[in-house]
Number of protein chains: 2
Amino acid sequence: MSNSRVNVRWVAEQAGVSPATVSRVSRGSAQVSPELRERVMRVIEEHGYRPNHFGRALAEKRHGSLGLVFPGLSGPYFSELIQGFESEALETGDQVLLLSSHYRSDTDAKVLDLAGRVDGMAIHAGTVSEAMIERVSQTIRVVVMAHKAGPAHASVSTDSGTVGTLTRHLLVEHGYRRLAFVGTPEGSPDVTARWEAFLAAHAETGARPPAGPTLVGLAQADGAIAAQKLLDSEEEPPDAVVCANDETALGLILGALGRGMRVPEDIAVTGFDDMPMAALVQPGLTTVRQPVRELATVTARLLHAPLTQRDGDTLLTTDVVLRGSCGCPDRPSGETGRDATAGGDS
Amino acid sequence: MSNSRVNVRWVAEQAGVSPATVSRVSRGSAQVSPELRERVMRVIEEHGYRPNHFGRALAEKRHGSLGLVFPGLSGPYFSELIQGFESEALETGDQVLLLSSHYRSDTDAKVLDLAGRVDGMAIHAGTVSEAMIERVSQTIRVVVMAHKAGPAHASVSTDSGTVGTLTRHLLVEHGYRRLAFVGTPEGSPDVTARWEAFLAAHAETGARPPAGPTLVGLAQADGAIAAQKLLDSEEEPPDAVVCANDETALGLILGALGRGMRVPEDIAVTGFDDMPMAALVQPGLTTVRQPVRELATVTARLLHAPLTQRDGDTLLTTDVVLRGSCGCPDRPSGETGRDATAGGDS
DNA sequence: TTGTACGCGTTATCAA
DNA sequence: TTGATAACGCGTACAA
């Protein structure tokens, strides 16, 4: 605990004023005469007095903190998410309490615990049950991230439909015929939405989708695993792969290149996120740009200022970013850019 | 705030007992007769009573939380760090408060803020000034991560000297002659230690080191940038590159492959961390294995149980992991493994 | 075993 | 403008 001796009463005594005055000075809440103010400030600085957090919170009925619950996946996506949230929270003077569910069974208890220590809670899709979200919502403000929650809850999500646009691009513009989808819909509402958009594009264009998604996680290493599954199998490999995120796409490209295959000539690959690395690979990674940081900051703002926006979903737009990995002409980064052949190889 | 009506007094009234008894029941601190216990539990469950965090903390003089301060870099290293710390803290019932300094100027103020809300604080190397660490140490327990702090402070670090072993391996076993080092020592004590070990190995073997490190960050994209700097330059490119971490190494490999170069035949690459992806690339990434998760969990344990270990550094061992990217024979993952030529191309 | 009374540190209210 | 007093919710000596 902090300096236990130095509290309001003690400072007040030293300065020869009342505790109330010390409080007023320390938080600048009301007018105090210059003399007293000076006397108090001197004592405060001399002894490094800082108001005790509990006392203040108890009196103000306010924590000054926000909670962030996420599944515990690693990678740039969550890093960006956490940092965006954290930096926005710090902007308004709120501290951030972190809880990664990590697929544990006692997550619910931890969430309730957390709910008692924060003013608002951001919950990433796929981490907490609907029932628990409902329950927590009744005591503090909750915003669901990356998933369009029901109209009763506030949520911020990004448009997954763009995966459909991208899939149509592969099918129609490039003429690929055997597409694969890398990612696991179950337990992840955002991956589910992307998979559904992928299927919908097939249905619209009359193309035949794969029997099911290639089930791997969202880390780069999972992309390498997907490469094993798709390329080392006895079945005919796909001519284009839509990955649930950039990380797996990069892992897949790495796997393909390592096997002596060419991208996109032998196999086209697309991602989702448009993380910095996507523009730096050669060939550049065709992907869907998602405003991850905005997703985080908007969520934090919604939590801090509950007045501005009531419940309902805030949908952030996403865009297709065409680069070389789908077969489109690549804009070389640096002088060594290769010419990517436009059009498919069907 | 939580259900403001439902507090100890109210529950006590409902159950027809005293507040003290409710407290005893809710935390199982003392013996209570079965009947009263039953009555109280009924009311607690029926109305979902949860002890207010502030009241409890104020009375117990204890926060039940740990702080984690880190620079704000993204990538697998910090993800693993955060998660390891968080999972260990949850094990002991502590909540985690996050603060990413993000190279801001007002970090010191935020750190002091944080110090008033946690029982202990883990500070990653390169985030907070010595003076501030000293100051915070006087009020709560502090552990410095990834940097051997002075004997006055507790710290947990991993052995960077192994980079010297790896460098000697490149120079002596493989006979590489023009090594490069990718990473920015300044502001990052752990990168500094690796750079120094790299230099020491050159001195010991009489080899001539590069004029200076290739200054880029620690993200994968920085590896791609390093590839531009090293491979697109007019100067003769290095025949081996020691990267400050695996991420930049992978970015560099990606850049080299994208330029039509072969790894390790045209250029050897090594990393640091041994993240999952390192074993999955082809060729496999030669690197130094660092127990990142242990770094985090040991730190958390040190903070939670200040009794076990007093000040001083806890050094975790690291190991060289030889794979194909340095020129050693690679163990193929899957059937498509390529034969890597052992020995250098000097 | 149970209840009473006080302390934890701060802010808000109200009276001066 | 300032000060006294009452909350805020809980844990815990101490007394019964």
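- In the nomenclature of an unreviewed UniProt entry, chain A is known as LacI family transcriptional regulator of Streptomyces daqingensis.

**What to know about the pairing of strand β3 (residues 120–124) of chain B**
Residue and element names in this part refer to chain B.
In step 1: Burial runs high along β3: five of the five residues are buried.
In step 2: Neither face of β3 is open: one carries Gly-120, Ala-122 and His-124, the other Met-121 and Ile-123, and all of them are buried.
In step 3: Sheet analysis places strand β1 (residues 65–70) next to β3, joined by four bridges and oriented parallel. In the strand pairing of β3, Val-69 is matched with Ile-123.
In step 4: Pairing of β3 with strand β4 (residues 141–145) involves five bridges; the strand directions are parallel. By the bridge assignment, Ala-122 is partnered in β4 with Val-143.
In step 5: Read as a crossover between parallel neighbours, the route from β3 over helix α7 (residues 130–137) to β4 is right-handed.

**Describing the sheet that holds strand β8 (residues 268–270) of chain B**
All names here are of chain B.
In step 1: One open sheet accounts for three strands, arranged β6-β7-β8; its pairing is parallel. A strand with exactly one partner marks an edge of an open sheet, and here the two such strands are β6 (179–182) and β8. With direction set aside, neighbouring strand axes in the sheet form an average angle of 20°.
In step 2: Direction of pairing for strand β7 (residues 240–243) relative to β8: parallel, over a ladder of three bridges. Bridge pairing links Val-241 to Val-269 in β8.

**Brief notes about the protein's contact with DNA strand C**
In step 1: Among the 28 residues in the neighbourhood of DNA strand C, the closest are listed as Val-8, Ser-23, Asn-52 and Arg-56 of chain A together with Ser-33 of chain B.
In step 2: Counting only the atoms of DNA strand C within 4 Å of the protein, the fraction contributed by sugar and phosphate is 69%.
In step 3: In this structure, a phosphate oxygen belonging to DNA strand C sits 2.4 Å away from a main-chain N or O atom of Val-8 of chain A.
In step 4: Sorting the residues of the surface near DNA strand C by element identifies α1 (8–15), α2 (19–27) and α4 (53–60) of chain A together with α2 (19–27) and α4 (53–60) of chain B as the ones contributing at least two each.
In step 5: Element by element, the count of residues in the surface near DNA strand C is highest for α4 of chain A, at five residues.
In step 6: Of the residues that constitute the surface near DNA strand C, the class distribution is 12 nonpolar, nine polar and seven charged.

**Regarding the side chain of Thr-297 of chain B**
In step 1: Tracing the backbone through its elements, the reader meets Thr-297 of chain B in helix α13 (residues 292–304).
In step 2: Overall, Thr-297 of chain B belongs to the buried group, its relative accessible area being 12%.

**Some thoughts on the domain arrangement of chain A**
All names here are of chain A.
In step 1: The domains assigned to chain A are domain 1 (3–60), domain 2 (65–159 + 295–317) and domain 3 (162–292 + 320–326).
In step 2: For domain 2 versus domain 3, the separation of C-alpha centres amounts to 28 Å.
In step 3: Of the residues lining the interface, 18 residues belong to domain 2; the matching set on domain 3 comes to 13 residues.
In step 4: For the pair domain 2 and domain 3, the two sides together bury roughly 1,200 Å², of which 58% comes from carbon and sulfur.
In step 5: Together, Pro-76, Tyr-77 and Asp-159 form the three largest contributors to the area buried by domain 2 at its contact with domain 3, with a combined 36%.
In step 6: Across the domain 2-domain 3 interface, the total number found is zero salt bridges.
In step 7: Applying the counting rule to domain 2 against domain 3 returns four residue pairs in polar contact (both at pLDDT 80 or more).
In step 8: For the side of domain 2 that touches domain 3, the secondary-structure elements that each account for two or more residues are α5 (76–91) and α13 (292–304).
In step 9: Among the elements that line the side of domain 2 that touches domain 3, the one with the most residues is α5, at four residues.
In step 10: Across the side of domain 2 that touches domain 3, the residue classes break down as nine nonpolar, seven polar and two charged.

**Thoughts on the pattern of salt bridges**
Here the idea is simple: oppositely charged side chains can pair when their charged atoms come close.
Residue and element names in this part refer to chain A.
In step 1: Using the criterion set out here, one finds 23 salt bridges over all chains in the structure.
In step 2: One salt bridge connects Glu-204 with Arg-168, and the closest N-O pair in it is separated by 2.7 Å. You can see Glu-204 sitting in helix α9 (residues 189–205) and its partner Arg-168 sitting in helix α8 (residues 162–173), a full 36 residues away along the chain.
In step 3: By relative accessible area, which is 55% here, Glu-204 ends up exposed.

**Structural notes on the relation of the copies chain B and chain A**
Put simply, the two copies of the chain differ by a rotation about an axis and a shift along that axis.
In step 1: For the pair chain B and chain A, the best superposition has an RMSD of 0.2 Å and corresponds to a rotation of 180° with a translation of 0.1 Å parallel to the axis. With respect to symmetry, the two chain copies, as superposed, fit the operation of a two-fold axis. Ranked by how close their C-alpha atoms come to the rotation axis, the residues of chain B are headed by Leu-97 of chain B, at 2.3 Å.
In step 2: Mapped onto chain A, 98% of the interface residues of chain B again fall at the interface, so both copies present the same surface.

Rules of the game
Residues numbered from 1 in each chain as written. Chains lettered and ligands numbered in written order. Predicted model: local features only at pLDDT ≥ 70, side-chain atom pairs only at ≥ 80, totals over all residues. Heavy atoms only, no water. Buried < 20%, exposed > 50% of the residue type's maximum accessible area, 1.4 Å probe, protein only. Helix = DSSP H or I, 4+ residues; strand = E, 2+ residues; numbered from the N terminus. Pairing = 2+ DSSP bridges. Right-handed = clockwise from strand over helix to strand, strands pointing away. Axes fitted to C-alpha atoms, helices over the stretch in contact; angles between N-to-C directions. Near = heavy atom within 4 Å. Polar contact = N/O pair within 3.5 Å; in protein donor to acceptor, adjacent residues only side chain to side chain. Nonpolar A, V, L, I, M, F, W, Y, C, P; charged D, E, K, R; others polar. Domains from an automatic or database assignment. Contact = heavy atoms within 4.5 Å. Buried area = accessible area lost by both parts, 1.4 Å probe. Salt bridge = Lys/Arg side-chain N within 4 Å of Asp/Glu carboxyl O. Least-squares fit on C-alpha atoms with pLDDT ≥ 70 in both.

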